[in-house]
Structures are given as C-alpha cells and as structure tokens.
Amino acid sequence: MVAPLVLTARYAPACSPESLVACFACLFLGYLGWLIEAVGDFQKSAAKAKNPDRWVDTGLYALLRHPNYTGEQLLWASSFLAGTVCAAPAAAEAWPWMLGALLGLAGI
C-alpha cells in the first residue's frame, strides 16, 4: 500500500503544473475520504451507544449504506490516482510501482 506514496514522493517534483493540480485534487479527495470514514465511525458509535439494537440510519448512514467503507475506498483510490498522475510522464521507469499501486487498490 506504500506504492502510491512512493510514486507521489518520487515524481511530484518533476510534474507539470497541470499534473500537480490534479495530484493535489486527488490528495484532497483522499482527505475527504478519510473525513467521511471518521465521521461515519463516530456516528455509528454514537448511535449504537444510544440504542444498540437499532439499525443506524441517521447522519451519513441516511445517505450511504457504509460510509466508513466508502470513505476507505475514496481514500485509497485517490491515493492511487495521485501517484499515477505524478508518475505518468515517467511510466517507462515507474511501471513496477504503478503495478504495485494497482494491485494494492484492487486488494482494497
């Protein structure tokens, strides 16, 4: 799961300004995924503490069936995209890391 981070760290300094904007947009989506996951976990814990036998259908759970899993998917998918966007110009040398990132994403 470290492959997207390696790609971003290694190839971001050589990115074009357009690629860098796309990379930051992907990182923003990753933080958004983390926030969705954290809020979903907090809301579920609060709802279960209040009434352990009731189905959680308030807050994010009114919009998403599993906000913690949705947030996790968004976090890792955006991390993969950020690494891929940064490494795309150097794909000939970065392909092993890109493949590792893709396999990691598929495992999630």
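Just above, that's the structure.
Predicted, not measured: the structure shown is a model, and the values here were computed from it.

With 14 residues, the main nonpolar core has Leu7, Tyr11, Cys86, Ala87, Ala94, Met98 and Ala101 as its most contacted residues. Those elements giving two or more residues to this core turn out to be helix 1 (3-11), helix 2 (17-50), helix 3 (67-87) and helix 4 (91-107). When near neighbours in sequence (up to four residues on either side) are disregarded, leucine 7 contacts Ala12, Gly83, Cys86, Ala87, Ala94, Trp97, Met98 and Ala101.

So, on to the environment of tryptophan 34. Checked against the element boundaries, tryptophan 34 lands in helix 2. With residues near it in sequence (within four places) discarded, tryptophan 34 still touches Gly71 and Leu75.

Below, the discussion takes up a nonpolar patch on the surface. A contiguous nonpolar surface patch, about 550 Å² in accessible area, is contributed by Phe28, Leu29, Leu32, Trp34, Leu35 and Val39. Relative to the assigned elements, valine 39 resides in helix 2. Accessibility expressed as a relative area gives 30% for valine 39, which makes it partly exposed.

Looking now at the packing of helix 2 against helix 3. Interaxial distance between helix 2 and helix 3 falls to 7 Å at its minimum, and their mutual angle equals 165 degrees. On the basis of the axis angle, helix 2 is roughly antiparallel to helix 3. Crossing geometry of helix 2 relative to helix 3 is assigned as left-handed. Across the contact of helix 2 with helix 3, the residue classes tally to 15 nonpolar, 7 polar and 3 charged.

What follows covers the side chain of serine 79. Residue placement: serine 79 occurs in helix 3. Note on serine 79: relative accessible area 14%, which makes it buried. Apart from residues lying up to four places away in sequence, serine 79 is in contact with Pro4 and Leu5.

Okay, the packing of helix 1 against helix 3 next. Close contact between helix 1 and helix 3 brings their axes to 8 Å; oriented N to C, the two are set at 35 degrees. Note that helix 1 runs across helix 3; the crossing there is left-handed. For the pair helix 1 and helix 3, the contacting residues are Pro4, Leu5, Leu7, Thr8 and Tyr11 in the first and Ser79, Phe80, Ala82, Gly83, Cys86 and Ala87 in the second. When the residues that make up the contact of helix 1 with helix 3 are grouped by side-chain class, the tally is 8 nonpolar, 3 polar and no charged.

Scoring rules and cut-offs
Residues numbered from 1 in each chain as written. Predicted model: local features only at pLDDT ≥ 70, side-chain atom pairs only at ≥ 80, totals over all residues. Heavy atoms only, no water. Core = buried A, V, L, I, M, F, W, Y, C linked by side-chain atoms within 4.5 Å. Buried < 20%, exposed > 50% of the residue type's maximum accessible area, 1.4 Å probe, protein only. Helix = DSSP H or I, 4+ residues; strand = E, 2+ residues; numbered from the N terminus. Contact = heavy atoms within 4.5 Å. Patch = residues over 30% accessible without salt bridge, like charges linked within 9 Å, V, L, I, M, F, W, Y side chains within 5 Å. Areas by Shrake-Rupley, 256 points an atom, 1.4 Å probe, with all protein chains shown as cover. Salt bridge = Lys/Arg side-chain N within 4 Å of Asp/Glu carboxyl O. Axes fitted to C-alpha atoms, helices over the stretch in contact; angles between N-to-C directions. Parallel < 35°, antiparallel > 145°, perpendicular 65-115°, else oblique. Left-handed = near helix turned anticlockwise from the far one by under 90°. Nonpolar A, V, L, I, M, F, W, Y, C, P; charged D, E, K, R; others polar.

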